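# Descriptive analysis of the structure
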Amino acid sequence: MIVEWFTFCYNEIQILPFVVDYWKHMNAHVTVYDNESNDGSYEFLKKIPFVTVKVWKTNGILDDMELLRIKNMCWKNVVGKTDFVIVSDMDECLFIDEPELILREMKNENIATITPEFLNLISYVFPKYDGRLMHNIVDTFYIDEWKYYNDIDKKYDRFGKKQKMLVFNPNLVKETNYLPGCYESKPEICGKCIQTNKIKCFHFHDIGLCRKIERYKERKDRMSETNIKLHLSDFYLEDKHKTISDFMLDLKNSKRFLNANS
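A brief look at the structure comes next. (Residues numbered from 1 in each chain as written. Predicted model: local features only at pLDDT ≥ 70, side-chain atom pairs only at ≥ 80, totals over all residues. Heavy atoms only, no water.)

### Re the packing of aromatic side chains
To describe a pair of aromatic rings, you give the distance between the ring centres and the angle between the ring planes. Applicable threshold: Pairing of aromatic rings covers Phe, Tyr and Trp, the last through its six-membered ring, and needs centres within 6.5 Å; plane angles under 30 degrees mean stacked, over 60 mean edge-to-face, and all others mean tilted. Strands are runs of DSSP state E lasting at least 2 residues, helices are runs of H or I lasting at least 4, and numbering of each runs from the N terminus. Buried, partly exposed and exposed residues are distinguished by accessible area as a fraction of the type maximum, computed with a 1.4 Å probe on protein chains only: under 20%, between the cut-offs, and over 50%, respectively.
Enumeration according to the criterion identifies 16 aromatic pairs in this entry. Ring centres of Phe95 and Phe202 lie 6.4 Å apart, and the angle between their planes is 45°; this geometry places the pair in the tilted category. Of this pair, Phe95 sits in strand S5 (residues 92-96) while Phe202 sits in strand S13 (residues 192-207), and the two are 107 residues apart along the sequence. Judged by its relative accessible area of 14%, Phe95 falls in the buried class. The class for Phe202 is buried, based on a relative accessible area of 2%. Both rings, one in Phe118 and one in Tyr183, keep their centres 6.0 Å apart while their planes meet at 75°; by these two values the pair is edge-to-face. You can see Phe118 sitting in strand S6 (residues 111-123) and its partner Tyr183 sitting in the loop between strand S11 (173-175) and strand S12 (188-189), a full 65 residues away along the chain. Comparing Phe118 with Tyr183, the two get one shared label, buried. Pairwise contacts between aromatic rings join Tyr22, Phe95, Phe141, Phe202, Phe204 and Phe257 into one cluster.

Structure representation (structure tokens):
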């Protein structure tokens, strides 16, 4: 089973040791688009034999529309050469108990796109890397709700779990048609679309409150005019006190995995 994983990096050196273990678990070849990192991420990634690093320049700004363009195009050169593709942000890590078996079954069932179960890991302190997968260290999570856009009424009026179509068979997909943020997409496919908890996406966004505050400030300083105008990733612009308040509320409402160690 051949898996190609496409992801995107800007100054993610803190999470990279954890992320690499998920890539290994999926036995994937990984292509990273590095957006001019200056914290050692680029140098770290270049040393990994199964990773290809491509430099992605935006003149020092955070440009979600350019990111969207790349996400909708990056996988097209592996059509006919791979079984499944993953397109994710760096802090979105996919996990399957038996990846070879499960993906083979899904390929045989003519499944074109897969939306994994999306779980936000949350921890007040960022953990020390000890060789375990992040979700085995940070065993606390919460599930986000999201407003969905109604094409008919042109309003955001539907609520549901926050999720992304992160996995697909490129040989059954003509276009992914991700929308900004990629929480919504309108793929053109020949096959089935499924949502499944057999594949999980562990989101690292809320691991370490100090890390979250620092990342928000760093990205706020890089925000493009297009992002501001279109309200893309505008959570980076929020007041520090709101970031802390929201984090603590999510932590309060979080749960532990059923198999968590006591």
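Now that the structure has been shown, we can carry on.
### Some words on the nonpolar core
Put simply, the test is: As used here, the term nonpolar core means buried Ala, Val, Leu, Ile, Met, Phe, Trp, Tyr and Cys residues forming a set that is joined through side-chain atoms within 4.5 Å. Residues are treated as being in contact if the distance between any of their heavy atoms lies within 4.5 Å.
Trp5, Tyr22, Trp23, Leu45, Leu121, Met134 and Phe204 are the most contacted members of the largest nonpolar core, which totals 48 residues. Ranked by residue count, the leading element in this core is helix H1 (residues 16-25), at 6 residues. Apart from the residues within four sequence positions on either side, Met134 is in contact with Phe18, Tyr22, Leu121, Phe126, Pro127, Phe204 and Ile207. Within the second largest apolar cluster, 19 residues are counted, among which are Tyr33, Ala112, Phe168 and Leu172.

### Examining the pairing of strand S1 (residues 3-9)
Short version of the rule: Here a strand pair is declared whenever DSSP counts at least two bridges between the two strands. Place the viewer so that the strands point away; then a crossover is right-handed whenever the path from the first strand over the helix to the second strand goes clockwise.
Counting buried residues along S1, 7 of its 7 residues qualify, which places the element largely inside the surrounding structure. Where burial is concerned, the two faces of S1 agree: the one with Val3, Trp5, Thr7 and Cys9 and the one with Glu4, Phe6 and Phe8 are both buried. The sheet contact formed by S1 and strand S4 (residues 84-87) spans 4 bridges and is parallel. Counted as the bridge partner of Val3 is Phe84 from S4. With 7 bridges connecting them, S1 and strand S2 (residues 28-34) associate as parallel partners. Looking at S2, one finds that Trp5 is bridged to Val30. In this region the chain leaves S1, passes through H1 and returns to the parallel neighbour S2; the handedness of that crossover is right-handed.

### Overview of the side chain of Arg219
Here Arg219 shows up in helix H6 (residues 209-220). For Arg219, the contacting residues outside a window of four places in its chain are Tyr10, Asn11, Glu12, Leu62 and Tyr236.

### Focus: the packing of H6 against helix H8 (residues 240-252)
To characterise two packed helices, one gives the angle between the axes of the helices and the distance between these axes. Going by this rule: Angles shown run from 0 to 180 degrees and are taken between the N-to-C directions of axes, each axis being a line fitted to C-alpha atoms and, for helices, limited to the stretch in contact. A clockwise turn of the near helix away from the far one marks a right-handed crossing, whereas an anticlockwise turn of less than a right angle marks a left-handed crossing. All amino acids are sorted into three groups, where Ala, Val, Leu, Ile, Met, Phe, Trp, Tyr, Cys and Pro are nonpolar, Asp, Glu, Lys and Arg are charged, and the leftover types, Gly among them, are polar.
Two numbers describe how H6 lies on H8: the axes approach to 11 Å, and their chain directions differ by 145°. Judged by the sense of rotation from one axis to the other, the crossing of H6 with H8 is right-handed. Between H6 and H8, the contacting residues are Leu209, Lys212, Ile213 and Tyr216 on the first element and Lys240, Thr243, Ile244 and Phe247 on the second. Of the residues belonging to the contact of H6 with H8, the class tally is 5 nonpolar, 1 polar and 2 charged.

### Digging into the environment of Phe168
As for its placement among the helices and strands, Phe168 is situated in strand S10 (residues 167-168). Relative accessible area serves as the criterion here: at 0%, Phe168 is assigned to the buried category. Separated by 57 residues in the primary sequence, Phe168 and Ile111 have C-alpha atoms spaced 7.8 Å apart. Beyond its immediate chain neighbours, meaning those up to four positions away, Phe168 contacts Trp75, Asp83, Phe84, Val85, Val87, Ala112, Thr113, Val173, Thr176 and Tyr178.

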